[in-house]
Amino acid sequence: MPAVISFVSTKGGVGKTTVAANLGGLLAAFGLKVLAIDADVQPSLSKFFPVHYRSPRGLSAVVTSGGKPCADCISRTIFSNLDLIYSDTPDAELQAWLNRREDRLMILRRAMRSPLMEAYDVVLIDTQGAVGELQKSAAMAADIMVSPVKPDSLSAAEFATGTIAMLDDLNRLADFGELFRSGDLLALINAHERTTNARALAAVLRQRFSDHPKVRVLDTVIPSAAAYAAAATARVPVHDFDRRRSFGNSAWNVMHRLAWELFPSQANVYAGSRAHMIDCPLTADSAHGAIA
Ligand SMILES: Nc1ncnc2c1ncn2[C@@H]1O[C@H](COP(=O)(O)OP(=O)(O)OP(=O)(O)O)[C@@H](O)[C@H]1O
Ligand SMILES: [Mg+2]
């Protein structure tokens, strides 16, 4: 079964789609089979990369079947190894449908156990930047959650209250049994400016969650750089857009560091080289890496 990462935050515009798309693009370039799922009702990830085969159906078929994806829900991007389930439904409709289902939190988790998923090494699920049943279902489907945080006081505060409250909310369901336990949450400092204030906020975040049982702040920091928006405009993965190997904070280097931190078994695999197989997820209190 694939390793599943959901990108969650209760704040919009923190970089969930940017990181999900670029990590997907890089892991696919490592040679891993990657499925990106756009579980945001505003379909940004769906449009991020060009597709060469658009499937007749998308996310709504996966959800309204109760978590039974079929082959005609899966589109193919122009990048080899990178497939997509696009978002295809207006917000109110799908949320209303989910609200009527008692098993709504388990639907995407069930989908991850479908035989179709055996073809993938990694599934990346992008979500909307606001609490909703679809976001919670995506959170419950994940082995780990990655939550980008911009090092400004509003984003850091929203992470510390809103996103952590969502995690606690999900784990209150753990009282009903192990089946309901969510994965751990990894905070990713994104769009970091080289200012004293940003550095101080990043340090506060690390300190605050240093002994949290289910939350860890990733070592990799993504700087604020024009390449991220420019690559999105060009519709290519950012590692391919800013390929400067000699500059430590180039998108090439930063995205490789992020991929290696999340998937230590890929350490020293580069875009374009062959990948090793990956397996079992780690936890927030692991010293290094999220997915071994
Ligand atoms: N590291 C970065 N440096 C500079 N700009 C960035 C960086 N990461 C993301 N951005 C820009 O920030 C904006 C918001 O990013 P993105 O759409 O990925 O956020 P999001 O969390 O998915 O938002 P939403 O909650 O609306 O879905 C985009 O214009 C993107 O190009
Ligand atoms: Mg988004």
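The following refers to the structure shown. On a predicted model such as this, the values are computed, not experimentally measured, just so you know. (Residues numbered from 1 in each chain as written. Chains lettered and ligands numbered in written order. Predicted model: local features only at pLDDT ≥ 70, side-chain atom pairs only at ≥ 80, totals over all residues. Heavy atoms only, no water.)

Another point: the packing of aromatic side chains. Per the counting criterion, the structure on display carries 4 aromatic pairs. For the ring pair Phe49 and Phe79, a centre distance of 5.2 Å and an interplane angle of 75° mean the geometry is edge-to-face. Linking Phe49 in the loop between α2 (45–48) and β3 (51–53) with Phe79 in the loop between β4 (75–77) and β5 (82–85), this pair joins segments that are 30 residues apart in sequence. With relative accessibility at 6%, the residue Phe49 sits in the buried group. Seen in terms of ring centroids, Trp260 and Tyr270 are 5.3 Å apart; in terms of plane orientation they differ by 85°. Their pairing is edge-to-face. Of the two residues, Trp260 sits in helix α11 (residues 251–262) while Tyr270 sits in the segment after α11, which places them 10 residues apart along the sequence. For Tyr270, a relative accessible area of 36% gives the class partly exposed. Among the aromatic residues, those joined into a cluster by ring pairs are Phe48, Phe49 and Phe79. (Phe/Tyr/Trp six-rings, centres within 6.5 Å; stacked < 30°, edge-to-face > 60°. Helix = DSSP H or I, 4+ residues; strand = E, 2+ residues; numbered from the N terminus. Buried < 20%, exposed > 50% of the residue type's maximum accessible area, 1.4 Å probe, protein only.)

Quick look at the site of ligand 1 now. Around ligand 1, the structure places 18 residues, and the nearest of them are Gly13, Gly15, Lys16, Thr17 and Thr18. Interatomic distance of 2.5 Å between a side-chain N/O atom of Thr18 and an oxygen atom of ligand 1. Separating an oxygen atom of ligand 1 from a side-chain N or O atom of Asp40 is a distance of 3.5 Å. Taken together, the elements giving at least two residues each to the shell around ligand 1 come down to α1 (16–30), β8 (184–192), β9 (215–223) and α9 (226–234). Of the residues that constitute the shell around ligand 1, the class distribution is 7 nonpolar, 8 polar and 3 charged. (Near = heavy atom within 4 Å. Polar contact = N/O pair within 3.5 Å; in protein donor to acceptor, adjacent residues only side chain to side chain. Nonpolar A, V, L, I, M, F, W, Y, C, P; charged D, E, K, R; others polar.)

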